[in-house]
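Residue strings, one per chain:
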Amino acid sequence: MKGEIKKKIDLAYGRMKPELVLKNARIVNVFSHEIVDGDIAIHEGEIVGIGNYFGEKEIDVEGRFVAPGLIDGHVHIESAMVSPPQFARAVVPRGTTTIIADPHEIANVKGLEGIKYMMEASEGLPLNAYFMLPSCVPATSFETSGAELLAEDLKELIGNERILGLGELMNYPGVIAGDDDIVDKIQLSKEHSKIIDGHGPEIKNKELNAYVAAGVLTEHECSTVEEMMNRLRLGMYILVRQGSAARNLKELVRGLKRENMRRCLFCTDDKHPEDILLTGHIDNNVRLAIKNGIDPISAIQMATINAAECYGLKKLGAIAPGYIADIIIIDDLKDFNVLQVFKNGRLVAENKEPLFNVKDFDNSNVVDTVRIKPVTKDDLRIKNHTDIANVMRLSSHSLFTQRVVRKISTKDGEFVNNEKLDILKLAVIERHNATGNIGLGLVEDFRLKNGAIALTIAHDSHNLIVIGDNDEDMLLAIDKVAKVGGGITIASKGEILKTLELPIAGIISDEPMEVVNEKLKEMLKIAYEHLNVNKDIDPFMTLSFLALPVIPEIKVTDLGLFDVSRFDFMDLEVKE
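Rules used in this analysis
Residues numbered from 1 in each chain as written. Predicted model: local features only at pLDDT ≥ 70, side-chain atom pairs only at ≥ 80, totals over all residues. Heavy atoms only, no water. UniProt positions renumbered as here; feature names shortened; annotations may be inferred. Helix = DSSP H or I, 4+ residues; strand = E, 2+ residues; numbered from the N terminus. Rg over C-alpha atoms; globule rule 2.2 N^0.38 Å. Contact = heavy atoms within 4.5 Å. Areas by Shrake-Rupley, 256 points an atom, 1.4 Å probe, with all protein chains shown as cover. Disulfide = S-S within 2.5 Å. Buried < 20%, exposed > 50% of the residue type's maximum accessible area, 1.4 Å probe, protein only. Expected span 1.5 Å × (residues − 1). Arc of directions from axis to C-beta. Polar contact = N/O pair within 3.5 Å; in protein donor to acceptor, adjacent residues only side chain to side chain. Salt bridge = Lys/Arg side-chain N within 4 Å of Asp/Glu carboxyl O. Axes fitted to C-alpha atoms, helices over the stretch in contact; angles between N-to-C directions. Parallel < 35°, antiparallel > 145°, perpendicular 65-115°, else oblique. Left-handed = near helix turned anticlockwise from the far one by under 90°. Nonpolar A, V, L, I, M, F, W, Y, C, P; charged D, E, K, R; others polar. Phe/Tyr/Trp six-rings, centres within 6.5 Å; stacked < 30°, edge-to-face > 60°. Lys NZ or Arg CZ within 6 Å of the ring centre and 35° of its normal. Domains from an automatic or database assignment. Buried area = accessible area lost by both parts, 1.4 Å probe. Patch = residues over 30% accessible without salt bridge, like charges linked within 9 Å, V, L, I, M, F, W, Y side chains within 5 Å. Lys, Arg positive; Asp, Glu negative; His and termini not counted. Charge placed at Lys NZ, Arg CZ, Asp CG, Glu CD. Pairing = 2+ DSSP bridges. Core = buried A, V, L, I, M, F, W, Y, C linked by side-chain atoms within 4.5 Å.

- The name an unreviewed UniProt entry assigns to the protein is Adenine deaminase, from the organism Proteiniborus ethanoligenes.
- Recorded in UniProt under Sequence similarities (unreviewed entry), the annotation for the protein is "Belongs to the metallo-dependent hydrolases superfamily. Adenine deaminase family."
- According to UniProt, the comment filed for the protein under the heading Catalytic activity (unreviewed entry) is "adenine + H2O + H(+) = hypoxanthine + NH4(+)".

## A few points about the overall build of the protein
For step 1, the next point in the chain: A tally of regular secondary structure across the protein gives 16 helices and 30 strands.
For step 2, the next point in the chain: Relative to the compact-globule value of 25 Å for 576 residues, the protein shows a C-alpha radius of gyration of 25 Å, a close match.
For step 3, the next point in the chain: Structurally, the protein occupies a C-alpha span of about 90 × 50 × 45 Å along its principal axes.
For step 4, the next point in the chain: Restricting the contact set of the protein to residue pairs at least 6 apart, pairs at least 24 apart contribute 67%.
For step 5, the next point in the chain: With the model as given, the accessible surface of the protein reaches about 23000 Å², and the carbon-plus-sulfur share is 46%.

## Side note on the state of the cysteines
For step 1, the next point in the chain: Taken as a whole and assessed by the stated rule, the structure comprises zero disulfides.
For step 2, the next point in the chain: Free cysteine C136: the closest other cysteine sulfur is in C267, separated by 17 Å.
For step 3, the next point in the chain: Residue classification places C136 among the buried residues on the basis of a relative accessible area of 5%.
For step 4, the next point in the chain: Not engaged in a disulfide, the cysteine C222 finds its nearest cysteine sulfur in C264; these two sulfurs lie 8.9 Å apart.
For step 5, the next point in the chain: Among the residues examined, C222 registers a relative accessible area of 1% and is labelled buried.

## Points about helix 14 (residues 471–483)
For step 1, the next point in the chain: The end-to-end C-alpha separation of helix 14 is 18 Å, in line with the 18 Å expected for 13 residues at 1.5 Å each.
For step 2, the next point in the chain: Every buried residue belonging to helix 14 is among D471, D473, M474, A477, I478, V481 and A482, and all of these are buried. Here the buried residues of helix 14 occupy an arc of 165° about the axis, which is enough to place them on one side.
For step 3, the next point in the chain: On its buried face, helix 14 is in contact with strand 22 (423–429), strand 24 (452–455), strand 25 (464–468), strand 26 (487–492) and strand 27 (495–501).
For step 4, the next point in the chain: Two to three positions downstream of the cap, the backbone nitrogen of E472 sits 3.4 Å from a side-chain oxygen, assigning the N-cap of helix 14 to N470.
For step 5, the next point in the chain: Note on helix 14: the residue one or two positions beyond its end, G485, has a positive phi of about 85°.

## A short note on the side chain of S461
For step 1, the next point in the chain: For S461, the position within the fold is in the loop between strand 24 and strand 25.
For step 2, the next point in the chain: What makes S461 buried here is its relative accessible area of 2%.
For step 3, the next point in the chain: Residues in contact with S461, not counting those within four places in the same chain, are N108, P138, E143, T144, S145 and H432.

## Quick notes on the UniProt feature "domain: Adenine deaminase C-terminal" (unreviewed entry) in the protein
For step 1, the next point in the chain: Within the UniProt annotation, "domain: Adenine deaminase C-terminal" (unreviewed entry) is assigned to residues 399–567.
For step 2, the next point in the chain: Between the C-alpha atoms that bound residues 399–567 the distance is 17 Å, and the span itself is 21% helix and 33% strand.

## Let's talk about the pattern of salt bridges
For step 1, the next point in the chain: Applying the stated criterion across every chain yields a total of 33 salt bridges.
For step 2, the next point in the chain: Its salt-bridge partner being R231, residue E219 comes within 3.6 Å of it at the nearest N-O pair. Taken together, the residues E219 in strand 11 (residues 218–219) and R231 in helix 8 (residues 225–232) connect sequence positions 12 residues apart. Here E219 matches R231 in class, with each residue buried.

## What to know about the packing of helix 3 (residues 104–121) against helix 4 (residues 151–158)
For step 1, the next point in the chain: The contact between helix 3 and helix 4 brings their axes to 11 Å, and the two run at 20°. Taken together, the axis directions place helix 3 and helix 4 in an arrangement best described as roughly parallel. Helix 4 is crossed by helix 3, and the crossing has right-handed handedness. Facing L112, I115 and K116 of helix 3, the residues of helix 4 in contact are D153, E156 and L157.
For step 2, the next point in the chain: Of the residues in the contact of helix 3 with helix 4, the class split is three nonpolar, no polar and three charged.

## A look at the packing of aromatic side chains
For step 1, the next point in the chain: A complete count under the given rule lists seven aromatic pairs for this structure.
For step 2, the next point in the chain: Judged by centre distance (4.7 Å) and plane angle (45°), the rings of F142 and F562 are tilted. Within this pair, whereas F142 is found in the loop between strand 8 (128–133) and helix 4, its partner F562 is found in strand 29 (residues 560–563), the two being separated by 420 residues in sequence.
For step 3, the next point in the chain: Measuring from centroid to centroid gives 5.4 Å for F142 and F567, while their planes differ by 85°, and the two rings are edge-to-face. Placement of F142 in the loop between strand 8 and helix 4 and of F567 in the loop between strand 29 and strand 30 (568–569) is noted, with a sequence separation of 425 residues between them.
For step 4, the next point in the chain: By way of ring pairs, the aromatic residues F142, F562, F567 and F569 are connected into one cluster.
For step 5, the next point in the chain: Positioned above the aromatic ring of Y237, the side-chain terminus of R263 is 3.9 Å from the ring centre.

## As for the domain arrangement of the protein
For step 1, the next point in the chain: Segmentation of the protein into domains returns domain 1 (67–354) and domain 2 (377–569).
For step 2, the next point in the chain: A straight line from the C-alpha centre of domain 1 to that of domain 2 covers 29 Å.
For step 3, the next point in the chain: Summed over both sides, the interface of domain 1 with domain 2 buries roughly 2900 Å², with 68% coming from carbon and sulfur.
For step 4, the next point in the chain: When the buried surface of domain 1 facing domain 2 is broken down by residue, M81, F142 and T144 rank first, second and third, together holding 26% of it.
For step 5, the next point in the chain: The tally of links from domain 1 across to domain 2 stands at one salt bridge.
For step 6, the next point in the chain: In this structure, the salt-bridge partner of E514 is R89, at a minimum N-O distance of 3.7 Å.
For step 7, the next point in the chain: Secondary-structure elements contributing two or more residues to the side of domain 1 that touches domain 2 are helix 2 (84–91), helix 3 and helix 10 (273–279).
For step 8, the next point in the chain: Per-element accounting of the side of domain 1 that touches domain 2 gives the leading share, seven residues, to helix 3.

## Quick word on a negative patch on the surface
For step 1, the next point in the chain: Together, E148, D179, D180, D181 and D184 give the surface a local cluster of negative charge.
For step 2, the next point in the chain: The residue E148 is located in the loop between strand 8 and helix 4 in this model.

## Focus: the sheet that holds strand 29
For step 1, the next point in the chain: In space, the three strands of this open sheet follow the order 28-29-30, with antiparallel pairing throughout. The strands lining the two open edges of the sheet, one partner per strand, are strand 28 (554–557) and strand 30.
For step 2, the next point in the chain: Judged from the two bridges that link them, strand 29 and strand 30 form a sheet pairing that is antiparallel. The partner of D563 across the bridge, within strand 30, is D568.

## Some thoughts on the nonpolar core
For step 1, the next point in the chain: Counting 169 residues, the largest nonpolar core has I40, F87, I327, F446, I453 and I488 as the members making the most contacts within it.
For step 2, the next point in the chain: Looking at this core, the element that brings in the most residues is helix 3, giving nine residues.
For step 3, the next point in the chain: A domain-level breakdown of this core finds at least three residues from each of domain 1 (67–354) and domain 2 (377–569).
For step 4, the next point in the chain: In this structure, I40 is in contact with L20, V21, L22, A25, I27, I47, G49, I50, V66, I319 and I327, ignoring residues within four places of it in sequence.
For step 5, the next point in the chain: Of all hydrophobic cores here, the second largest spans 16 residues; its members include I195, Y237, C267 and C310.

Shown next as structure tokens:
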């Protein structure tokens, strides 16, 4: 140890040559909020000096801007539909060198086995992958998940150095009420001096005080400046989110000032393959922030040192002696185009292409997860003694659904499809333990015709969800997606048109992101052009959230139609 300290002193002083020097850099200093010209000396993956240096190897960056590697403060890798190694291949070339992942999607399918898979599959990559332990598996008691995680279960992993704390506390009513199960998890996290992530949209006043008093440190669900300010005043960190479904950055940056920005960082939360490949990852957050009036250095601070300080990552997020040499080279401070990425002082990506290979990983513990009882036409019958029903109405570009009362077509006391009415049948089928549970509902404004779409991505319990205008295609799609071990499939007029297989827990592909994206693009085209799906919605993403009973106003789980406002089940039939 003493010898290592002396060696670092000699390297920093210039008595020894470091392994690598990045020459002629314009360094973004996230501490002093300025651009500093100089060389960056790197040895054994760590920065040892800033100034005038000569190295065993030298790279002239020719006056380009150099910044710390970017950090995603909250992400569900599963939403990208690819494995951790393939996720790294996509995001590292875009400048992301650190992520804080919440694997609650796969945990709802495979419990601790799913979390361990994500951790093990992300080892040895040029990406620092830290994790938060899922706090709400299942998300509610009104659905059937593939696992249940109590505080006792989480004890096995809480001490791991890559586990930073307890994941988003979606059950904020349980926190505020002091429910024993959730308090046990909070206590476990505090006993190990770990961080607690929040998920408490809209709560305020004494409820918000109670939430923060419990130990919740972060919030990524703010959609208004008022929400953000209420939480900043109570000492919370705000994760400014720009994902695929939820895009809050443009609104929230209106409330950012130099005085409060140090408590704000960036996240993507859920981002789909096309968006990552087309617009970028955290680099996209930085660009958008700059475009919307945030000065570039402040935006870079939010993407680096702010996130590192929030999550206690002491050697990440800055370019300074003693910090890990996670470095990005960018063209300018407006376009923020990432040209090169160094991880631990090694060039790992250039011009949006990875310069590293990933190995195949053993997925055997997290496949073969789709187990359903055979589904028949009788199982899909919606019995209605009246022609008035509670219907789920979709909202364009939103996960919120509205409860509306509609006149429907019936025959012999059951719902029948009517081409003149934009009302479709929806079924959620339990797929973890073959219980036979099937919840049924009706959906307006999906506009699908002549077919069905089925998928095993149905937040958060990830049961099998299917929508269609005829039972035959719905049954065909159910059978196909079950046989391939999970995924997304489209059926029309008795034929399977296309299937994206997601064999890992029924939610993740084992192929590269580019391949997944191409298949998704082809399937979107089929959905819009062949099945006439409403072009103001993403059919697959929208469908996947119609089973989540914590997003207002009405949803369907495998246990039935659910009124989120009352937090209880409801009848589909409206009695006169």
